[in-house]
Amino acid sequence: TSDRLSVQIAALTVVQLAAFGMTLRRKRIISPMEGVFLYSLVLGMGMLVIIDDILRRSFFHLAICLGNATAVLRMNLGMNKYFI
């Protein structure tokens, strides 16, 4: 676990705001394009918090390497995502 709760709180916030946006969309309070924009904005803000945490812990290069290795295993070698 993290000694800082920023990533956990960001994940919770992303889920809650995404659900709220879907509720607004379902009730036709916002348009489909506004819903996509809101969802993208929420995901982007959550990603910024995660990237900031990774940079503060000096794991950025490790995270990039693991992400790329996983992508190669999935896309080029066709490995099952549950096996990875």
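See the structure shown above.
Residues numbered from 1 in each chain as written. Predicted model: local features only at pLDDT ≥ 70, side-chain atom pairs only at ≥ 80, totals over all residues. Heavy atoms only, no water.

Counting secondary structure elements, the protein chain contains three helices and zero strands. Its C-alpha radius of gyration of 16 Å places the protein chain more than 25% over the 12 Å reference for a compact globule of 84 residues. Along the first, second and third principal axes, the C-alpha atoms of the protein chain reach 40 × 35 × 20 Å. In the protein chain, which comprises 84 residues, the share counted as buried stands at 13%. At a minimum sequence separation of 6, the contacts of the protein chain that also span at least 24 residues come to 52%. Accessible surface, the protein chain: about 6,900 Å² in total, of which carbon and sulfur atoms supply 70%. (Helix = DSSP H or I, 4+ residues; strand = E, 2+ residues; numbered from the N terminus. Rg over C-alpha atoms; globule rule 2.2 N^0.38 Å. Buried < 20%, exposed > 50% of the residue type's maximum accessible area, 1.4 Å probe, protein only. Contact = heavy atoms within 4.5 Å. Areas by Shrake-Rupley, 256 points an atom, 1.4 Å probe, with all protein chains shown as cover.)

This brings us to a nonpolar patch on the surface. Taken together, Met47, Ile50, Ile51, Leu55, Phe60 and Ile64 make up a surface patch of nonpolar side chains, about 480 Å² in accessible area. Within the residue set of the nonpolar patch, elements represented by two or more residues are helix 2 (32–56) and helix 3 (60–76). When residues in the nonpolar patch are grouped by element, the largest group, four residues, is from helix 2. Following the sequence through the fold, Phe60 ends up in helix 3. (Patch = residues over 30% accessible without salt bridge, like charges linked within 9 Å, V, L, I, M, F, W, Y side chains within 5 Å. Salt bridge = Lys/Arg side-chain N within 4 Å of Asp/Glu carboxyl O.)

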